[in-house]
Amino acid sequence: MERLVIKGGSRLNGAVDINGAKNAAVAILPAAVMASEGKCIIDNIPDIEDVHCLERIIEDLGAEIKVNSNTIEIDSRSLVKTEACTEDVRKMRASYYLIGALLARFKQAKVELPGGCPIGVRPIDQHIKGFEALGAKVVIEHGAAVVKADRLIGANIFFDVVSVGATINVMLAAAMAEGLTTLENVAKEPHVVDVANFLNTMGADIKGAGTDVIKIRGVESLKGCNYSVIPDQIEAGTFMIAAAACGGEVTLNNVIPKHLESISAKLLEAGVEVEEGDDSITVKSSGNLKGVNVKTTPYPGFPTDVQQPMSAMLCVASGRSIITESIWESRYKHLDELKKMGASVKVEGRIAIIEGVEKLTGAVVKATDLRAGAAMVVAGLMADGETEIYNIEHIDRGYPHIENKFKALGAEIYRKVD
Ligand code: EPZ
């Protein structure tokens, strides 16, 4: 069984390159199947299991894929299959972007319903509402979404909740609908903007991504293009927090500091120094932190995906920290693991109250989901003694070679297989 073993207590120093954004890449790869002419050559693709999973899914649909380091070439010209019903499709969340992408190009799709992290109920009603508004019929049959349309026609769609997935999925379908689609109350996350930019580079006509309203004028076809994925806001946030928690000075290269503002602001409040460069950010920390309150909200607010590593850090910040998780109702499973390391935490519904302790102590713990795994790594790095983290397949879904990156910063961490 693979696990990460960490001997905590080392300060972190040096520089780390941040990878391409997972949540952009896992939407851009499905979007590439919409190209009926030319090839998509996409750079800055992170080397993570969710990406490998999508490569297999897209190949199974009939696309040709070549991977060279962080660049992927996708040739979807001869792709004709519109059914994605494999184990890979079921185990990851972002496979649902194939519904929007295949519907756009072929006006039909059958995609098994996705898995993903167990962080709360994950409905797709807003995706379905959007597809139906564009004229598609959607039926859920034997665990798959079966979606068909004679024609897709632009519409005005006001989402009931701000959803990254629904915004992207409906944007994909609308990119090839007839006429104008207006999406309101949309998600503004950097990866939503990145997907819109990718589609525009393929020949789509999408305006307003990054604001509350996206306007999409449908085009008849899309073609391949060259594109580079944005840096990963969440991987960057995780390294910033680890540096703050362990103490030391760490520079993150290949980041967009603007995307990290809510995280930088909280670290400053906790007593950490954060310096922004053009495409880098430096975190300097004595390791003595003050407790802060954190409320997760859609972008530009504090990202839910960084809440778990942040709450690990706050376990050793002086005083009380209150976390309010407003996106996912059960994203606190990591706190039970942190208690095994000596954390003092109480959860009441969506609120977690953390009373800072002087130190955490190493323990055998598990990654209950992707970012919970990142939280356990942060905890292990700052704890006294040895921590073993099991179920690290969750971590590998989203963080490329996490142990090598931390080792290069001076941490004692390695992967053990037996
Ligand atoms: C994306 O999930 C990310 N995943 C998540 O990151 C992230 O936590 C989440 O956005 C919020 O930022 C990917 O991009 C692959 P949502 P998604 O639709 O799209 C409700 C990680 O750690 N909702 O924005 O599934 C939903 O229940 C992962 O990398 C509906 O009610 O999230 C939630 O409360 C975990 N109906 C809220 O909206 C719908 O049809 C936000 O969900 C869709 C969503």
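Cut-off values and rules
- Residues numbered from 1 in each chain as written.
- Predicted model: local features only at pLDDT ≥ 70, side-chain atom pairs only at ≥ 80, totals over all residues.
- Heavy atoms only, no water.
- Near = heavy atom within 4 Å.
- Polar contact = N/O pair within 3.5 Å; in protein donor to acceptor, adjacent residues only side chain to side chain.
- Areas by Shrake-Rupley, 256 points an atom, 1.4 Å probe, with all protein chains shown as cover.
- 1 Å grid on protein atoms, 1.4 Å probe; cavity = no way out; pocket = protein on both sides within 12 Å on 5 of 7 lines; lining within 4 Å.
- Sits in = over half its atoms within 2 Å of the grid points.
- Helix = DSSP H or I, 4+ residues; strand = E, 2+ residues; numbered from the N terminus.
- Domains from an automatic or database assignment.
- Buried < 20%, exposed > 50% of the residue type's maximum accessible area, 1.4 Å probe, protein only.

**Some details on the site of the ligand**
Here is step 1: Within the structure, the ligand sits among 24 residues, and Ser-163, Val-164, Asp-305, Ile-327 and Arg-371 are positioned closest to it.
Here is step 2: Within the side chain of Asp-125, one N or O atom sits 2.8 Å away from a nitrogen atom of the ligand.
Here is step 3: Interatomic distance of 2.8 Å between a backbone N/O atom of Gln-126 and an oxygen atom of the ligand.
Here is step 4: About the coverage of the ligand: the protein hides 90% of its 830 Å² of free accessible area.
Here is step 5: When each cavity is represented as a set of grid points, the ligand is found to reside in the largest pocket.
Here is step 6: Mapped onto the shell around the ligand, the elements with two or more residues apiece are helix 1 (22-31), helix 5 (125-133), helix 6 (164-174), helix 10 (304-314) and helix 12 (370-382).
Here is step 7: For the shell around the ligand, the two domains that each supply at least three residues are domain 1 (2-19 + 231-417) and domain 2 (22-228).

**A closer look at unusual backbone geometry**
Here is step 1: With an omega dihedral of 10°, the bond running from Tyr-299 to Pro-300 counts as a cis peptide bond.
Here is step 2: Take Pro-300: it is sitting in the loop between strand 20 (294-296) and helix 10.
Here is step 3: You will see that Asn-44, though not glycine, has its phi angle at about 65°, which is positive.
Here is step 4: On the secondary structure map, Asn-44 appears in the loop between strand 4 (40-43) and helix 2 (49-60).
Here is step 5: Residue classification places Asn-44 among the buried positions, given a relative accessible area of 17%.

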